[in-house]
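Residue-level structure breakdown
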Amino acid sequence: MRLAVLISLALLSAPALALETLSSKHFSVEYGVSPREECFMGGEKVSVNYEISPKSSAYRALLGGEEGNARSYYFKTQLSDASWRLVVNYYQGGAWDEAKSGGEVSIEAKYFKIGEDVKGIEKVTANLTAVVPTCSVRLCNLTAVNASCEECESDALPGVRICVANENAFRNDLRSLRAKLSELEQKLRAEGLYSEEDFRKVKDAAESAENYLLARNFLRANEKISEAESLLKQLADLTNKKIAENLYSEVRSKLDEIQSMLVNSSLLLEKLRAHENYSRFLLDQEAFKNELNALRDSIKNVDSLMNGGKFTEAIEALNRIDANATSLKGRLNDFISLLTSESEKQASWIPLPTLSLTHLAFLVAAIAALAIFVALRLRRKRKWDELR
């Protein structure tokens, strides 16, 4: 029968015609994967049988192309060590098969007729045997068979995909999840914000994932790990929000305290207007005010971050502002101590007024006149006493 097919195909020497474009409506496809498993592990050997046939007898000839112009069928795989057996079965005319290997293979389906009776294609089969490669993440979907044909729409033939699990990646992700959970728990305890209720859902999801993994139910284990990771992220965001809000309140209080200190230093400066370093003190006071204004502007940027839910960035910004505010507060405290000390020194002595020469001469004359007056009075008093 195969010989009859070859003779009939060889006799087709008419000029080639353009191939008609085919779509999914022209094909009926069946496939099976062996062994039948929900997920495969790296290193497992699998077989895929992929069978293409015309959806109706009217399409048999089309599947084989046009007279003098064969239609090629292409098959690809992401699996390793691929061995293929490709077969074209002609309707009432035998079969043509080829053994091939590699990630991409093809076979031609020729136009077929017996005499004047066009027979066409009964089916095209691709039988694949390959090894499942190792997946780098918990789960991945690999293409076992990707089928297409010459002059076909891209989705004319469905693909075959298999689930591949990496048990080590599952266990690593679970360990990482628990480590992050423990780190977050310690962080909250340190801030005095820990609540067991907040952690309950995450811990339950992680425990379920562990149980599914022990049962080798990789799909459910993956769902539970993804759920736990999502819940942990939400919890981390909530934690950062609480920490940011607390830190924000503390920094605002510190800035308000600095403002009060500046008011105090301003009052002290009023008492030192006559001090020889008054101008320098005034410049220092202005510099402190400018620093405080800059920190208040930075707080406005933090408001934007927090309103946008960027709490991690807000915490980093607040820590920088807090450090600068602490430094400013310390230097301002030293400044106030200096002003207080200088004010106390000034209060311990009364400065003599500065007199012109005219005023000084007048003062000396007045003192001299007073002295003469007192002396005359004393002399008269003694004479009076003697007469008595």
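Positions within a chain are numbered from 1, following the residues in the order the chain's sequence is written. Local features in a predicted model are, by the rule used here, given only for residues with pLDDT of at least 70; side-chain atom pairs are given and counted only at 80 or more, and totals for whole chains, interfaces and linings are based on all residues. To get the side-chain values, take all heavy atoms of the structure and skip hydrogens and water.

1. With respect to the state of the cysteines
In a disulfide, the sulfur atoms of two cysteines are held together by a covalent bond. What counts as a disulfide here is a pair of cysteine sulfur atoms lying within 2.5 Å. Going through the model one piece at a time under the given rule, you end up with three disulfides. One disulfide bridge connects Cys39 with Cys163, the sulfur atoms lying 2.1 Å from each other. Torsion about the S-S bond of the Cys39 and Cys163 cystine: about 70°, corresponding to right-handed handedness. Of this pair, Cys39 sits in the loop between β1 (27-34) and β2 (40-41) while Cys163 sits in strand β12 (residues 160-165), and the two are 124 residues apart along the sequence. Any residue under 20% of the maximum accessible area for its type is buried, any over 50% is exposed, and the rest in between are partly exposed; the area is computed with a 1.4 Å probe on protein chains only. By relative accessible area, which is 8% here, Cys39 ends up buried. On the basis of relative accessibility, which here comes to 10%, the residue Cys163 falls in the buried class. At a sulfur-sulfur separation of 2.2 Å, the disulfide partner of Cys135 is Cys140. The pair formed by Cys135 and Cys140 is uniform in burial state, with each residue classed as buried. Numbered by position along the chain, the disulfide-linked cysteines of the chain connect as 1-6, 2-3, 4-5. Helix numbers and strand numbers start at the N terminus; a helix is a DSSP run of H or I with at least 4 residues, a strand a run of E with at least 2.

2. Observations concerning the sheet that holds strand β6 (residues 94-101)
Only when DSSP finds a minimum of two bridges between them are two strands counted as paired. On the basis of which strands lie adjacent, the open sheet formed by five strands has the order β1-β3-β10-β5-β6 and antiparallel pairing. A single partner strand is all that each edge strand has here, and the edge strands are β1 and β6. For this sheet, the mean angle separating the axes of adjacent strands, direction not counted, is 15°. As defined by bridge partners, strand β5 (residues 80-90) adjoins strand β10 (residues 121-131) across nine bridges and the pair is classed as antiparallel. Looking at β10, one finds that Trp84 is bridged to Leu128. Every angle, taken between N-to-C directions, lies between 0 and 180 degrees, and every axis is a line fitted to C-alpha atoms, over only the stretch in contact when it is a helix.

3. Examining the nonpolar core
Definition used in this section: a nonpolar core is a set of buried Ala, Val, Leu, Ile, Met, Phe, Trp, Tyr and Cys residues joined via side-chain atoms within 4.5 Å. Grouped together as the largest cluster of nonpolar side chains are 58 residues, with contacts concentrated most on Phe170, Phe218, Leu255, Ile258, Val302 and Leu332. Of all the secondary structure elements, the ones that give two or more residues to this core are β12, α3 (167-191), α4 (196-214), α5 (218-270), α6 (278-307) and α7 (311-347). The residues contacting Val302, other than those within four sequence positions of it, are Tyr248, Ala314, Ala317, Leu318 and Ile321. Grouped together as the second largest cluster of nonpolar side chains are 40 residues, Tyr50, Val105, Ala126 and Leu142 included. The contact criterion used is simple: two residues touch if any of their non-hydrogen atoms lie within 4.5 Å.

4. Overview of the sheet that holds β2
Pairing is mixed in the open sheet, where five strands are placed in the order β2-β12-β11-β4-β7. Two strands bound the open sheet, and with one partner strand each, they are β2 and β7 (104-109). Those strands touched by α5 are β2, β11 (139-149) and β12, and its axis lies near 120° from that of β11.

5. Quick word on the pairing of β12
On a regular strand, one side chain projects to one face of the sheet and the next to the other, so that they alternate. The buried fraction of β12 is high, at five of six residues. Bridging between β11 and β12 involves six bridges; their strand directions are antiparallel. Residue pairing for β12: Cys140 is matched across the bridge by Val164.

6. Some details on the packing of α5 against α7
The N-to-C vectors of α5 and α7 enclose an angle of 20°; their axes lie 9 Å apart at closest approach. Put simply, α5 runs roughly parallel to α7. For the crossing formed where α5 meets α7, the hand is left-handed. Per-class residue counts for the contact of α5 with α7 are 21 nonpolar, eight polar and six charged. Geometric relationships in this document are graded by angle, where less than 35 degrees denotes roughly parallel, more than 145 denotes roughly antiparallel, 65 to 115 denotes roughly perpendicular, and other angles denote oblique. Left-handed describes a crossing whose near helix is turned anticlockwise from the far helix through less than a right angle; right-handed describes the clockwise counterpart. Ten residue types, Ala, Val, Leu, Ile, Met, Phe, Trp, Tyr, Cys and Pro, are classed as nonpolar, four, Asp, Glu, Lys and Arg, as charged, and the remainder, Gly among them, as polar.

7. Some remarks on the packing of aromatic side chains
Each Phe, Tyr or Trp ring, with Trp reduced to its six-membered ring, pairs with another whose centre is within 6.5 Å; inter-plane angles below 30 degrees give stacked pairs, above 60 give edge-to-face pairs, and intermediate values give tilted ones. Overall, the coordinates contain eight aromatic pairs when judged by the stated rule. By the ring-pair criterion, three or more aromatic residues cluster together here, those being Tyr31, Tyr50, Phe75 and Trp84. The rule is short: NZ of Lys or CZ of Arg within 6 Å of the ring centre and within 35 degrees of the ring normal puts a charge over the ring. The positively charged end of Arg60 is found above the aromatic ring belonging to Tyr91, 3.6 Å away from the centroid. Taking the ring centre of Tyr194 as reference, the NZ or CZ of Arg189 above it sits at 3.8 Å.

8. Examining the environment of Ser24
As for its position among the elements, Ser24 is in the loop between α1 (2-10) and β1. As for Ser24 and Ser154, which are separated by 130 residues in sequence, their C-alpha atoms are 9.3 Å apart. Non-local contacts of Ser24, meaning those with residues more than four positions away in its chain, are made with Lys55, Asp155 and Ala156.

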